[in-house]
Amino acid sequence: MRYLWWLVRCQPWRVLRGSLLGTAWMIGLSARPYLIARAVDDGLRTGDTRALALWVAAIVVAGVGLSYLGIMRHRTMTFIREDAKARSAEVLLRHLSRIGAVLPRRVGAGEVSTIGGSDIDWTAQVLTLTGPGVGAVVAYGVIAVVLWSISPMLAFCVLVGVPVVGLVVGPLLRRLERAESVYRRQQGALTARSGDIVAGLRVLAGVGGRDLFARRYAARSQELRAEGYRVGAVNSWIDAATVAIPGLFLAAVVWLTARMAVTGDVTIGELVAVYGYVATLIVPVWFLLEGSHQLIRGRVAARRIADLLNVTPDDVGGPGRRWPDSTPEARRPEARRPGSVPEARRPPGPAAPDGPADLHDPVTGLTVRAGSLTGVAVNDPATAVALADRLGRYVVSGVTWGGVPLRDVALDEVRARILVADHDSYLFAGTLRDILGAGADDDDERIGAALRTASAQDVVDALPAGLDTPIDARARTLSGGQRQRLRLARALHREPEVLILIDPTSAVDAHTEARIAERLRTARAGRTTVLIATSPLLLGRADLVAHVSAGRVTGTGSHTDLFDSDPAYRHLVARGSEEAYR
Amino acid sequence: MSRLPVADRATVRRALRDMISRHRRAVGVVLALHSAAAVAGLAPPWLLGTIVDRVAAGAGVATVDRLALAIAGCVLVSALLSRYAQYAGHRFGERAVAELREQFVSRTLGLPVSVVERAGSGDLATRSSVDVSTVGSTVRDVVPTIVIATVQLTLLFGAVFLLHPLLGLAALAGLPSIVAVTRWYLRRASSAYLTEGAAAAELTETLTTTAEGARTVEALRLADERVRHGTTRVTLVWRARRATLALRTVFFSVVEASYPLPVAMVLLVGGYLLARDMVSLGAVVAAALYLQQAIDPLDRLLQWTEQAQRGFASYARVLGVGMVPPEPPGTTASSPGERLVVRGARFSYSDGPDVLHGIDLEVQPGERLAVVGPSGAGKSTLARLLAGIDAPRQGVVSIGGCPVTDLDPAERRRRIALVTQEHHVFIGSVRDNLSFAAPDASDDQMRAALATVGADWFAALPDDLDTPLGDGARQLGAAEAQQLALARLVLADPHTLILDEATAALDPSTARRTERALAAVLSGRTVIAIAHRLNTAHDADRVAVLADGRITEIGSHDELVAAGGAYAALWRSWHTRVDER
């Protein structure tokens, strides 16, 4: 609720204008029945041509005025909703990009896409209440006064009757929506199936089975059709009821008014006008019912947005998580719950080493010499990932950097100087240039150098517009090997002081791998690079190789030394082919 | 990339006519019922007009009671009729949509793989999701609304004509401006709304991917970049929304300003006619009320026209899939032998330069051939030619003396299986995921196949073969998915296997497990393995080195190492120390 209120407060004048226009438009709706009634009474019945012409002119002018009010209301309300959506999207985006590595563990990607897609819309939709919602209340009052002047008894019937009709019909419509939503869910599942078939088309082409899938899909489709029949049978009754109930109410009002006309209590023109008012009154009443429903849904949506905004980064120890106070969420009270003390206020820790320094991991006993290319052969991938997490400070650990505990160094500085390039790091959508050089304004020359080192020039050359070719998120159109080389090029392009690469060439053919190993050595000469891999082509180029087995370093030396002296190492890097070779 | 075709307007119209004539009776019933319902719905204003006349003539309460009761009766009859009309329409819509989507899927399944690959599966995926459901909701929801509105409008204006032809003509006076502005709007609306939808989807995707790649955002310090990227998307959405809003501003203000015109004209003309006693006061009142009543269906008609137009465009794309000639049935039903022979095969992708320059290759039944070479050398292309997915531009690829592309596709897939690094777990049970490769396989055979490839995770599944997989159910990891694919192969039992870097996308330890599973599948079959790991090459009977679309070296591992060519150099760098020993 507070979040909704914040969205309103961000645009006070626009909201005020929306309320005024909404009110004016809604009242204007009742002008036409009144004018038609006057034209009938004063013009047609009396045969007064001038009065008729006058009232008809008024009808036309009122129509133009009403259309102006209507469109201005629509424009203002659209701007209000769009402003709210844009604001929500920006706040969310800022927050999402700062939470960091912990996010996927706390919130599912599906949830973010629901929040980003529909919740933002639902929240914005609530703001409609500020315009037509306010207008509806006022219009209802105005029509009440007019009706009262015709006949208090009629006014009473209409003013109570219309909301009652609304309350009867409203739940019916909800029910309709529910029945539809079951159908839509099934339909979504069916669509997912046809998408599944499209996605697996190549597999089906590889081993066959097309007929079976066509039959299976057809069976599901027929089930959906049967469900559609059921929904249709119910829905058509509900639909008929929603038309019949207001219609019958209108008939009752006409009957009541006509009897009063017979006794002379109302004029014939007023009889026609009452008919019109009742029809017009449906609009504000409808808005109010719809609005209350929107409010319920919008509050749920707003709460989910607020919950996401309250997700805080993990405590990975130490100071220096910058949490800029300038972003809107920091101004929102929810963001400052007790317990989530802005970390920037913690006292600064000991200074990080000024220049390149050794990294030491007490868990495995691994020491990474500054300025060298260190190979780490780990037999268990989970150990490898945990090691990289410790060296890159994604978890709290006892790793030291030039003797300083890494957990005490400002996190921003760690991120800036030590880069862990994951095996499956994410590739965002954008042009290839964006993907590789994101964040840095830079020339193609450095990008070209990184591409060359990663042996990924052919990936760029094969694309229709080279570096300017747009690529999907996750680069799904590229092969596994191409993606891997782009990830490597991206990491190299950053030129971090310490680069930790995890299996950077596992999906690349041996020729290319050999080339990458060679170039990597040259490109990173003099800088600290950790190569966590089991490929002899890569390890053979390292200055020093550490063999980690069962979580501890069991041997260090050059690749050739280890290969000779350590059978477990030999077995690991030769990937079991050694026996065959003997 | 050559996109999939889109049907032209004439084809779409013909398809629509076919659909209607197939359901001729249903369509007739729906129209008749809706017309009847609309006629009953016309009575209340007319009855109100009668009340006005009678009361003006000094009629009593009894007349009013009777007429008011008649109004209520008409409302009920109209509601009943429209219920049945809607139900009939709904059934027709459901049937038509079901037909349409089933046809789409069966056509999609009949598409030649090469066409799909060249068009990119994204296009087809959009058609199968967005377009099919757009056409579906158009047929199911939009068309009925339009039909009802049209019937109501026809009858309302017809009724005004019946009251007096001159009143009818006057009523039409307000329409030209509406027609003109609608045409103007429709010409621009669809593309503007599509742009808006695409922009909104991109913004959502930016949010979602930022969340998915949160660790990468932190590692590469991309936060500012992501915010900048997102802000651009927000601006684009805002701009697209403004564009559609501008269209609506013009459209709705003209349309709404035009709504009172028919009423005004009828009142003016009515006054003139009334003065000459050509119509009754009641008739003029009824005509005015009819026209007031016509605003609602007119509004609905105009609002949904744009949707209908979009449905039409989607239908054109759905039909377009059917215009691709389906995969030709082979001329030969079964292959006489198993010997794979390639003679002078050249190949190029759609008029591009040749990727393969005259490949000559013979693979004996039961032989294991490894193909190695740098990326871009044409290894995958060769695999596709061998599997018969593409036909060589020149030369021939034959199995047992019969060109592979002449084989019946179903038969060919059963005999020569292509295994790539792509694996896909279909939505459905484990059984669903296996049975399509061998429809006759028993449950025990399936379990045995899973055991053969070392899929030990299977034992832990709660519902055995009936455990649902994929999309919201149990997600398989890459290695598990690849094992499932291999179990499928065991069941399909092809005599020839073509492995195109089947384990390349897996991390090394997973790859190792998968390779062990693979070994179980390979025994007793002809295997052509495109390899990037040299130990695979080492284990093969023969190794072919492919470079720049040519086979530069071929022979057993030992022969090639002894020959001292490119392969030998690579092998030495792989196994430095061992070689020197």
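Fair warning: this is a prediction, and the values are worked out from it, not measured in the lab. (Residues numbered from 1 in each chain as written. Chains lettered and ligands numbered in written order. Predicted model: local features only at pLDDT ≥ 70, side-chain atom pairs only at ≥ 80, totals over all residues. Heavy atoms only, no water.)

Visitor: How would you explain the overall build of chain B if you had to name every residue and give the values?
Guide: On a plain count of helices and strands, chain B comes out with 21 helices and twelve strands. Projected onto its principal axes, the C-alpha coordinates of chain B cover approximately 125 × 55 × 50 Å. Counting over 581 residues, chain B shows a buried share of 54%. Taking the contacts inside chain B whose residues are at least 6 apart along the sequence as the reference set, 77% of them involve residues at least 24 apart. Carbon and sulfur atoms make up 57% of the accessible area of chain B, which amounts to about 23500 Å² in all. With 59 positive and 58 negative side-chain charges, chain B shows a separation of 7 Å between the mean positions of the two kinds. (Helix = DSSP H or I, 4+ residues; strand = E, 2+ residues; numbered from the N terminus. Buried < 20%, exposed > 50% of the residue type's maximum accessible area, 1.4 Å probe, protein only. Contact = heavy atoms within 4.5 Å. Areas by Shrake-Rupley, 256 points an atom, 1.4 Å probe, with all protein chains shown as cover. Lys, Arg positive; Asp, Glu negative; His and termini not counted. Charge placed at Lys NZ, Arg CZ, Asp CG, Glu CD.)

Visitor: Lay out the domain arrangement of chain A with the relevant residues and their values.
Guide: Many descriptions give the size of an interface as the accessible area lost when the pieces come together. When the domains of chain A are assigned, the result is domain 1 (1-151 + 294-314), domain 2 (152-265) and domain 3 (359-581). For domain 1 of chain A and domain 3 of chain A, the distance between their C-alpha centroids amounts to 54 Å. (Domains from an automatic or database assignment.)

Visitor: Before we move on, could you go through the sheet that holds strand β10 (residues 528-532) of chain A and cite the residues and values that matter?
Guide: All names here are of chain A. Ordered in space as β6-β9-β10-β3-β11-β12, the six strands form an open sheet in which the pairing is mixed. Edge positions in the sheet fall to β6 (418-421) and β12 (552-557), since each has one partner strand and no second. Here the strands of the sheet are splayed against their neighbours by 20 degrees on average, with no regard to which way each runs. In this sheet, strand β9 (residues 498-502) lies alongside β6 in parallel orientation, the contact comprising four bridges. From the neighbouring strand, I418 faces β9, where its bridge partner is V498. Strands β6 and β9 of the sheet are contacted by helix α18 (residues 480-494), whose axis makes an angle of about 170 degrees with β9. (Pairing = 2+ DSSP bridges. Axes fitted to C-alpha atoms, helices over the stretch in contact; angles between N-to-C directions.)

Visitor: Which residues make up the packing of aromatic side chains, and what values do they have?
Guide: The full count for this structure, using the stated rule, is ten aromatic pairs over all chains. Aromatic pair Y3 of chain A and W6 of chain A: ring centres 5.7 Å apart, planes at 35 degrees, arrangement tilted. Of the two residues, Y3 of chain A and W6 of chain A are both situated in helix α1 (residues 2-9); the distance of three residues between them amounts to about one turn of the helix. According to the relative accessible area criterion, W6 of chain A is buried, its value standing at 8%. Linked through ring pairs, F213 of chain A together with F426 and F436 of chain B together constitute an aromatic cluster. We note R83 of chain B situated over the ring of Y84 of chain B; from NZ or CZ to the ring centre the distance is 4.7 Å. A cation sits over an aromatic face here: R91 of chain B above Y229 of chain A, 3.8 Å from the ring centre. (Phe/Tyr/Trp six-rings, centres within 6.5 Å; stacked < 30°, edge-to-face > 60°. Lys NZ or Arg CZ within 6 Å of the ring centre and 35° of its normal.)

Visitor: Could you give an account of the interface of chain A and chain B, naming the residues involved and the relevant values?
Guide: Of the residues lining the interface, 150 residues belong to chain A; the matching set on chain B comes to 148 residues. For the chain A and chain B pair, buried surface summed over both sides reaches about 13600 Å², with 66% attributable to carbon and sulfur atoms. Counting every contact that joins chain A to chain B gives seven salt bridges. R216 of chain A is the salt-bridge partner of D432 of chain B, the closest N and O atoms lying 3.7 Å from each other. (Buried area = accessible area lost by both parts, 1.4 Å probe. Salt bridge = Lys/Arg side-chain N within 4 Å of Asp/Glu carboxyl O.)

Visitor: Could you give an account of a nonpolar patch on the surface, naming the residues involved and the relevant values?
Guide: All names here are of chain A. Taken together, the side chains of W148, F156, V160, V164 and V168 make up a nonpolar region of the molecular surface, amounting to roughly 480 Å² of accessible area. With four residues, the single largest contributor to the nonpolar patch is helix α8 (residues 152-199). Mapped onto the fold, V168 is located in helix α8. Taking relative accessible area as the criterion, V168 reaches 41% and is therefore assigned partly exposed. (Patch = residues over 30% accessible without salt bridge, like charges linked within 9 Å, V, L, I, M, F, W, Y side chains within 5 Å.)

Visitor: Which residues make up unusual backbone geometry, and what values go with them?
Guide: Residues and elements named next belong to chain B. For R221, which is not glycine, the phi torsion reads 50 degrees and is therefore positive. Looking at where R221 falls in the secondary structure, it is placed in the loop between α8 (214-219) and α9 (223-258). For R221, a relative accessible area of 47% gives the class partly exposed. The residue D277 is not glycine, and still its phi comes out positive at about 60 degrees. By secondary structure assignment, the location of D277 is in the loop between α10 (260-275) and α11 (281-323).

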